[in-house]
Amino acid sequence: MNPSKPFRFLLTRLTEDYLLLALVLSLLPLLWFTSPELNELVELVHWQTLAALTGFLVLSRGLEDSGALALAGVWLVARFCTERALALTLVGFSMALSAVVTNDVTLFIVVPLTVALSSVVKIPLGRLVIFQALAVNVGSALTPIGNPQNLFIWQTWELGFIEFVSAMLPLVLLLSLSLGLATALAFPSRPVRVSLVARLAKPRLLLVSGLLYPAFILAAEAGGVIAAALVILVLYGLVYRSVLRGVDWLLLLVFLLMFVNLGLLATLPAAQAFVEWLLALPGGVLIASVLMSQVMSNVPAAIFLAPFTDDWRALAWGVSVGGFGLAIGSLANLIALRLARVQGLWLAFHVWSMPALALGVLSAVFLIGPG
């Protein structure tokens, strides 16, 4: 193998992937201003999250390559014969599932399913994935286990499960209604038909990936996600190398750079002074958390702002709404857009997500105002 080939590949991807390019370029001045030690950089990375992402990337690719998801898509089309009904079903399923198994895990299930469905049915794949990304941001906001920022807030303020859900319910109901109406308007009622017969190409791969998926989730919940990810990498490397070749490994680099860049940014005195200025603006914690989510994503924003406030509900609502808008607002957005592998999807995402951000802010301000 030509040693320069991986370098040329990375250089090509950097020129095509603007987020990755921005992260690489912004890392240089951050390193200059902060002068961190190597061990400090290592500590900034949430290795458990990267391990979980690795495992789900491999397993979801295995399910897709097995042909099982295409079969599931054919089953769906047989029961929901119009594009609008199919879209409402997929969006509703994404929303409900994300409240139970977290938004990122939901995307690793529904996006590969939608991609496989597009191979046998003529559907607007990119638009469906965009609405699924919006759906998991809404649905996961309901429960303390729906996304990482909720889990952090729930544990930090030592809240009851029902207490948390009750506080989030008004916002989630209003956003769910709005998303449902938008979905009905965005997808026509024209019929959809299967263009070819899908078949189960690799039943053994389905069996292995299907069994490992829940096992990996349990391992992650038990704190063994790094060991479990290593086991999966070794297993697929020995038996299913084609699956590993189909994985978007640069997504891991994107997440790693986000942890490092945002962690370094948070140490700058200017960044901390900026947060204090934001909190003094009208809307306080709510608006500050929305805006910070647009800069550093909603999970780091929740962690970064928590020491500055006692109003956990405003913080939770703000980072939930902050998942809309720019793609970086939620790591779930980045996962969805990368899994879809659709050209031009980033621009199309913002056509829908920026109005969703505006509507979300108005909804939150309207609901939280009297309180």
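For the structure given in this document, a descriptive report is provided here.

Thresholds applied
Residues numbered from 1 in each chain as written. Predicted model: local features only at pLDDT ≥ 70, side-chain atom pairs only at ≥ 80, totals over all residues. Heavy atoms only, no water. Axes fitted to C-alpha atoms, helices over the stretch in contact; angles between N-to-C directions. Helix = DSSP H or I, 4+ residues; strand = E, 2+ residues; numbered from the N terminus. Parallel < 35°, antiparallel > 145°, perpendicular 65-115°, else oblique. Contact = heavy atoms within 4.5 Å. Nonpolar A, V, L, I, M, F, W, Y, C, P; charged D, E, K, R; others polar. Phe/Tyr/Trp six-rings, centres within 6.5 Å; stacked < 30°, edge-to-face > 60°. Buried < 20%, exposed > 50% of the residue type's maximum accessible area, 1.4 Å probe, protein only. Lys NZ or Arg CZ within 6 Å of the ring centre and 35° of its normal.

Quick notes on the packing of helix α9 (residues 148-156) against helix α18 (residues 312-321)
Okay, so step 1: Where α9 meets α18, the closest approach of the two axes is 10 Å, and the angle between their N-to-C directions is 175 degrees. The orientation of α9 with respect to α18, classified from their angle, is roughly antiparallel. Residues Q149, N150 and I153 of α9 form the contact with α18, whose own contacting residues are W312, L315, A316, V319 and S320.
Okay, so step 2: Among the residues making up the contact of α9 with α18, the classes are represented as 5 nonpolar, 3 polar and no charged.

Comments concerning the environment of S363
Okay, so step 1: With respect to the element layout, S363 can be found in helix α20 (residues 345-368).
Okay, so step 2: C-alpha of S363 to C-alpha of V172: the two residues are 191 residues apart in sequence and 9.8 Å apart in space.
Okay, so step 3: When near neighbours in sequence (up to four residues on either side) are disregarded, S363 contacts L171, L174 and L175.

Observations concerning unusual backbone geometry
Okay, so step 1: Phi is positive for S35, close to 45 degrees, though the residue is something other than glycine.
Okay, so step 2: Along the chain, S35 falls in the loop between α2 (18-34) and α3 (38-44).
Okay, so step 3: We note that E158 has phi near 50 degrees; this positive angle belongs to a residue other than glycine.
Okay, so step 4: Mapped onto the secondary structure, E158 falls in the loop between α9 and α10 (161-186).

Some thoughts on the packing of aromatic side chains
Okay, so step 1: In this structure the tally under the stated criterion is 10 aromatic pairs.
Okay, so step 2: Relative to F308, the ring of F304 has its centre 6.2 Å away and its plane inclined at 55 degrees; by these criteria the two rings are tilted.
Okay, so step 3: Given a relative accessible area of 12%, F304 falls into the buried group.
Okay, so step 4: Given a relative accessible area of 31%, F308 falls into the partly exposed group.
Okay, so step 5: An aromatic cluster of three or more residues is present, and its members are F56, F108, Y213 and F216.
Okay, so step 6: The ring of W317 is capped by R313, whose NZ or CZ atom sits 5.1 Å from the centre of that ring.

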